[in-house]
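Spelled out from the first residue to the last, the chains are:
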Amino acid sequence: MSSIVAALMAMAAGIWLAQTGHQQIQIKPPVIQGAIYPQARVINNIQLIDDENNAYGLANLKNNWSLVFVGYTHCPDICPMTMTVMNQIYDYMKQQEMEPPQILFLSVDPERDTIPLIKEYVEYFNPQFIGLSGTKEAINTFSRQLNVVYQKAPGLSGSMDGDDYLIDHSSSLLLLNPQGQLQSVLTAPHLPATIIESIIKSQAYFEITQTEH
């Protein structure tokens, strides 16, 4: 990307730059509903499985923007509502000839969420979405790097015996840049227009920081 195009994107996204001699110095990332990391967080050691039962690692995150949502298929409210919003985002960006990020749904309930069930779940919202699972250790490793926390909670019976349990989890969306790094955290409430604006600002900030190096 040329410096002129990058500068125009920065202006559109509200990125403020200062001029010192012949050097351009970035002051701060633009404001979004959530936060853009001034320096993207490196992610390592991803050993997951996708909904086609294939290994899914860091290489699968490279060269694409990715929007990750952490949840589980038995979730009664937050998950289906958020997945619906992400489908609206995906469709709108396609209609506007914008490249949407790849949408990733990471299940944190490997005890109940089998690969076929995850596949059925994500395809209900959009066949292009990718479902992810893995061992508890692999899920924990990835979710910790995304700064996502979750834990079991009592179900309708008031206990956590058998399959009768809920999972308390973060409702944030995690935006990863084409280097497979955590670029932004998008917090609720999730509205399509707000999320798209946050994606555009994050992408512009990423492009600007790349041209500075």
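Here the structure is shown first, and the text comes after it.
Anyway, here's the lowdown on the structure attached to this text. Quick caveat: nothing in here was measured; it's all calculated off a predicted structure.

Moving on to the overall build of the protein chain. The secondary structure content of the protein chain amounts to 5 helices and 12 strands. Residue burial in the protein chain is summarised as follows: out of 213 residues, 47% are buried. In the protein chain, 69% of the contacts between residues at least 6 apart in sequence involve partners at least 24 apart. Of the roughly 11000 Å² of accessible surface on the protein chain, a fraction of 54% belongs to carbon and sulfur atoms.

It is worth spelling out the pattern of salt bridges at this point. Tallied over the full model, the rule gives 6 salt bridges. With its nearest N and O atoms 2.6 Å apart, the salt bridge here joins K119 to E52. Note that K119 is positioned in helix α3 (residues 115–125) and E52 in the loop between β4 (48–50) and β5 (55–56), a separation of 67 residues in sequence. E123 is the partner of K119 in a salt bridge, and the nearest nitrogen-oxygen pair spans 2.8 Å.

Looking at the element boundaries, D164 is found in the loop between β9 (150–154) and β10 (165–169). D164 sits 11 residues away from A153 along the chain, and the two C-alpha atoms are 9.4 Å apart. Ignoring any residue separated from it by four or fewer positions in sequence, one finds D164 in contact with G155, L156, S157 and S159.

What follows is about helix α4 (residues 136–145). Taken as a whole, α4 has its buried residues at A138, I139, T141, F142, S143 and Q145. Buried residues in α4 make contact with β3 (34–41), β4, β7 (102–107), β8 (130–133), β9 and β12 (182–186). One or two steps after α4, the chain reaches N147, where phi turns positive at roughly 60°.

This next bit is on the packing of aromatic side chains. This structure, assessed with the given rule, holds 6 aromatic pairs. An angle of 40° between the planes, with centres 5.2 Å apart, marks the rings of F105 and Y121 as tilted. Pair noted here: F105 is in strand β7 and Y121 is in helix α3, with a separation of 16 residues, a long-range link. Take F105 and Y121: they sit in the same class, and that class is buried. Note on Y124 and F125: the rings are 5.1 Å apart at their centroids and 90° apart in plane angle, and the pair reads as edge-to-face.

An order of β3-β12-β11-β6-β7-β8-β4-β5 is seen for the 8 strands of this open sheet, with the pairing classed as mixed. Of all strands in the sheet, those with a lone pairing partner are β3 and β5, marking the two edges. With 4 bridges joining them, strand β11 (residues 173–176) and β12 adopt antiparallel strand pairing. For L173, the partnering residue across the bridge sits in β12 and is L186. Across the sheet, helix α2 (residues 78–95) lies against β6 (66–71), β7 and β11, angled at about 165° from β6, the strand it touches most. Contacts from α3 reach β4, β7 and β8, with the element oriented near 150° to β8.

Conventions and cut-offs
Residues numbered from 1 in each chain as written. Predicted model: local features only at pLDDT ≥ 70, side-chain atom pairs only at ≥ 80, totals over all residues. Heavy atoms only, no water. Helix = DSSP H or I, 4+ residues; strand = E, 2+ residues; numbered from the N terminus. Buried < 20%, exposed > 50% of the residue type's maximum accessible area, 1.4 Å probe, protein only. Contact = heavy atoms within 4.5 Å. Areas by Shrake-Rupley, 256 points an atom, 1.4 Å probe, with all protein chains shown as cover. Salt bridge = Lys/Arg side-chain N within 4 Å of Asp/Glu carboxyl O. Phe/Tyr/Trp six-rings, centres within 6.5 Å; stacked < 30°, edge-to-face > 60°. Pairing = 2+ DSSP bridges. Axes fitted to C-alpha atoms, helices over the stretch in contact; angles between N-to-C directions.

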